[in-house]
Amino acid sequence: MPVCSRTKLDMEDQVEVVARAFVEHYYNLFDSNRASLSSLYQPSSILSFEGQSIIGADQIQQKLSGLPFGQCQHFISTIDSQPSAVARSIIVFVTGSLKLLDEEHPLKFSQMFQLIPTLDGTLFVQNDIFRLNYA
């Protein structure tokens with residue numbers, strides 16, 4: 001295999017590994033300790049939640065903590081990821097179901113994240129778009 005192709009494959013594998021680890025971490029926090037999600041955002045972060053735009057880690061945390069349901073459980077169906085144009089950043093697209101504690105039927109959802117590296121090398125959520133899928 002040519003060096004160029006092998007390097008591209010290695011990068012795609014790394015992006016996928018990071019994306020999957022992020023998704024597992026994000027939804028575990030959402031389901032068990034929603035207030036701690038604020039650590040994944042920065043003051044410049046933007047959340048579009050069902051068409052409503054929220055800017056900043058504190059405001060995003062308030063929105064997510066103030067959702068009109070308590071306990072929930074996410075079931076992930078698909079995770080797609082790509083390297084982004086910003087150096088070492090990743091686009092992650094997730095589909096799945098959200099099961100609320102007192103609801104019989106789970107809700108289908110889609111969510112997209114853009115993960116951007118910080119100066120210390122960790123990633124934060126710069127962009128987050130969430131939609132329920134009504135079919």
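Residues numbered from 1 in each chain as written. Predicted model: local features only at pLDDT ≥ 70, side-chain atom pairs only at ≥ 80, totals over all residues. Heavy atoms only, no water.

- Going by the annotation in an unreviewed UniProt entry, the name recorded for the protein chain is NTF2-related export protein, with Rhynchospora pubera given as the source organism.
- As its UniProt record puts it under Function (unreviewed entry), the protein chain is described as follows: "Has a role in nuclear-cytoplasmic transport of proteins and mRNAs." (UniProt positions renumbered as here; feature names shortened; annotations may be inferred.)

**Section: the UniProt feature "domain: NTF2" (unreviewed entry) in the protein chain**
Okay, step 1: Per the UniProt record, the feature "domain: NTF2" (unreviewed entry) sits at residues 18–132.
Okay, step 2: A helix fraction of 21% and a strand fraction of 50% characterise residues 18–132, whose end C-alpha atoms lie 25 Å from each other. (Helix = DSSP H or I, 4+ residues; strand = E, 2+ residues; numbered from the N terminus.)

**Things to note about helix 2 (residues 57–65)**
Okay, step 1: If you check which residues of helix 2 are buried, you get Ala57, Ile60, Gln61 and Leu64. Taken end-on, helix 2 shows its buried residues confined to a sector of 100°, consistent with a single buried face. Along helix 2, the residues that are exposed and aim more than 90 degrees away from the buried face are Asp58 and Gln62. (Buried < 20%, exposed > 50% of the residue type's maximum accessible area, 1.4 Å probe, protein only. Arc of directions from axis to C-beta.)

**Considering the nonpolar core**
Okay, step 1: Counting residues in each nonpolar core, the largest one holds 32 residues, and the members touching the most others are Tyr26, Tyr41, Leu64, Val92 and Phe113.
Okay, step 2: Elements that contribute at least two residues to this core include exactly helix 1 (3–32), strand 1 (41–49), helix 2, strand 3 (72–83), strand 4 (90–100), strand 5 (107–117) and strand 6 (123–132).
Okay, step 3: When near neighbours in sequence (up to four residues on either side) are disregarded, Leu64 contacts Tyr26, Phe30, Arg34, Leu37, Tyr41 and Leu47. (Core = buried A, V, L, I, M, F, W, Y, C linked by side-chain atoms within 4.5 Å. Contact = heavy atoms within 4.5 Å.)

**Regarding the pairing of strand 3**
Okay, step 1: Examined bridge by bridge, strand 3 and strand 4 share 11 bridges and lie antiparallel to one another. Considered in strand 4, the bridge of Gln82 is made with Ile91.
Okay, step 2: Remark: six residues form the turn of the hairpin made by strand 3 and strand 4, two consecutive strands paired antiparallel; Arg88 in that turn has positive phi of roughly 60°. (Pairing = 2+ DSSP bridges.)

**Quick look at the pairing of strand 6**
Okay, step 1: The sheet contact formed by strand 1 and strand 6 spans five bridges and is parallel. When the bridges of strand 6 are listed, Phe49 appears paired with Phe130.
Okay, step 2: Inspection of the sheet shows strand 5 paired to strand 6 by nine bridges, in the antiparallel sense. Residue Phe113 lies in a different strand from strand 6, and its bridge partner there is Asp128.
Okay, step 3: Counted between consecutive antiparallel strands, the loop separating strand 5 from strand 6 contains five residues, among which Gly121 sits at a positive phi close to 95°.

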